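Chain by chain, the residues:
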Amino acid sequence: MTFQPIVPTSGYAGWLFLERTLEQQQETFDESFPVKRATDYFRENISDVQTAEQLVNDRELLSVALGAFGLSDDLDNKYFIQKILEDGTIDDGALANKLSDSRYAEFSRAFGFGDFSIPLTATSVVSDSIIDRYQRQSFEAAVGEQDNQLRLVLNVDKAIDDVTSSASSTDAQWFSLLGNAPLREVVQTALGLPSEIASVDIDQQLETFKDRAESIFGTDDVNEFNSDELQEKMIRLFLIRSSVSAGAGISSGSIALTLLGNQ
């Protein structure tokens, strides 16, 4: 039986409780039978996988591999996932680099099938890293069954780490952030930007996000988002704005036009 996370309330109060009990709840969740069975199987068998085809043809391994990056919905898209893995990320023309969701590139990079002559699956470091991510993502998904906003904020720390490690320049990091759907939703809401902004030119989106970050967070440097203080502010604003938005009757379209008109 899978341990069900305890989430007694929603919003910022719910986050404070979850943050305080997170380590103990995560440990209990990791030891629950379904999670431990999946991670034990992955640990025992991933080193035998030498090709992307082998990985996608082992449903149990693939379930953990995709789940580690929040991509479980693609479990049945075997051809697509095999192409993502085989293309790697070094070539600009690789499929993962063409997709707006940056999690696919992170997924492909983690296994190294297309980037190296020998994949990274043979190393214990990769096994431990993927299992750690899978456990965390699975716990977040379990929290999300009760409160999706809390699921999103649980993802913030790791997602920002992925973004800052994937690129060096500020703009490249912002583009990676904008391509990470769960993280983007948190940052976008925390900055008070409406969902309609996604429909405007990507370069204008970039400038809008940077300007708002400078105004709200005091910096547009994504590297500084790794600080505990700034992340806590981001999460608090996201949860408060989400709660307010749920009960507000203000047109988000009107907000979008106002914000973009001020650029």
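Before going into details, it helps to say that this report is about the structure given with it. Here the structure is a predicted model, which is why all the values come from computation and not from measurement. All residue numbers here refer to positions counted from 1 along the written sequence of the relevant chain. In keeping with the predicted nature of the model, local features appear solely for residues at pLDDT of at least 70, side-chain atom pairs appear and are counted solely at 80 or more, and the whole-chain, interface and lining totals rest on all residues. Side-chain metrics rest on all non-hydrogen atoms present in the structure, leaving aside hydrogens and water.

Some remarks on empty space enclosed by the protein
Alright, step 1. A 1.4 Å probe that fits but cannot get out identifies a cavity on a 1 Å grid over protein atoms alone, an open set with protein on both sides within 12 Å along at least five of seven lines counts as a pocket, and a residue lines either if it has an atom within 4 Å of a point. Grid points are joined across faces, edges and corners, and a volume is the space filled by probe spheres set on the points. The tally for this structure, following the rule as stated, stands at two cavities of 30 Å³ or more.
Alright, step 2. What the largest cavity holds in volume is close to 50 Å³.
Alright, step 3. Lining the largest cavity are Phe69, Arg103, Glu106, Arg133, Gln137, Asn155, Ala159, Asp162 and Asn180.
Alright, step 4. Helix numbers and strand numbers start at the N terminus; a helix is a DSSP run of H or I with at least 4 residues, a strand a run of E with at least 2. At the level of secondary structure, the elements contributing two or more residues to the lining of the largest cavity comprise α7 (103–111), α8 (124–144) and α10 (156–166).
Alright, step 5. Partitioning the lining of the largest cavity into residue classes produces two nonpolar, three polar and four charged.
Alright, step 6. Considered as a void within the structure, the second largest cavity measures approximately 30 Å³ in volume.
Alright, step 7. Ala68, Arg133, Arg136, Gln137, Asn155 and Lys158 are the residues that line the second largest cavity.
Alright, step 8. Here the element with the most residues in the lining of the second largest cavity is α8; it accounts for three residues.
Alright, step 9. Here the nonpolar group is Ala, Val, Leu, Ile, Met, Phe, Trp, Tyr, Cys and Pro; Asp, Glu, Lys and Arg are the charged ones; every other residue, Gly included, is treated as polar. Of the residues contributing to the lining of the second largest cavity, the split by class is one nonpolar, two polar and three charged.

Quick notes on helix α1 (residues 11–30)
Alright, step 1. Multiply 1.5 Å by the residue count of a helix minus one, and that product is the helix's expected span. Between its first and last C-alpha, α1 extends only 25 Å over 20 residues, short of the 28 Å set by a 1.5 Å rise per residue.
Alright, step 2. For every residue, the accessible area (1.4 Å probe, protein chains only) is compared with the maximum for its type, and the residue is labelled buried under 20%, exposed over 50%, or partly exposed between those bounds. Inspection of α1 places Gly11, Gly14, Trp15, Leu18, Thr21, Gln25, Gln26, Phe29 and Asp30 among the buried residues, and these make up the whole buried set.

A closer look at a negative patch on the surface
Alright, step 1. A cluster of acidic residues, Asp201, Asp203, Glu207, Asp211, Glu214 and Glu224, forms a negative patch on the protein surface.
Alright, step 2. Position of Asp201 among the secondary structure elements: in the loop between α12 (181–190) and α13 (202–216). Like charges are joined within 9 Å and nonpolar side chains (Val, Leu, Ile, Met, Phe, Trp, Tyr) within 5 Å, but only among residues with over 30% relative accessible area and no salt bridge; these make up the patches. Note on areas: Shrake-Rupley with a 1.4 Å probe; residue coverage comes only from the protein chains shown. Only one rule defines a salt bridge in this text: a Lys or Arg side-chain nitrogen within 4 Å of an Asp or Glu carboxyl oxygen. Charged residues are defined here as Lys and Arg on the positive side and Asp and Glu on the negative side; His and the ends of the chain fall outside this count. Throughout, a charge is located at the NZ atom of Lys, the CZ atom of Arg, the CG atom of Asp or the CD atom of Glu.

What about the packing of helix α11 (residues 170–178) against α12?
Alright, step 1. To obtain each axis, a line is fitted to C-alpha atoms, and for helices this fit is confined to the stretch in contact; angles are then taken between N-to-C directions over 0 to 180 degrees. It is the contact of α11 with α12, at a shortest axis distance of 7 Å, that shows an interaxial angle of 105 degrees. Classified by the angle their axes make, α11 and α12 are roughly perpendicular. Where α11 approaches α12, its residues Trp174, Leu177 and Leu178 are matched on the opposing element by Leu183, Arg184 and Val187.
Alright, step 2. Partitioned by chemical class, the residues of the contact of α11 with α12 number five nonpolar, no polar and one charged. Small angles under 35 degrees read as roughly parallel and large ones over 145 as roughly antiparallel, with 65 to 115 read as roughly perpendicular and the rest as oblique. Pairs of residues are marked as contacts when any of their non-hydrogen atoms sit within 4.5 Å.

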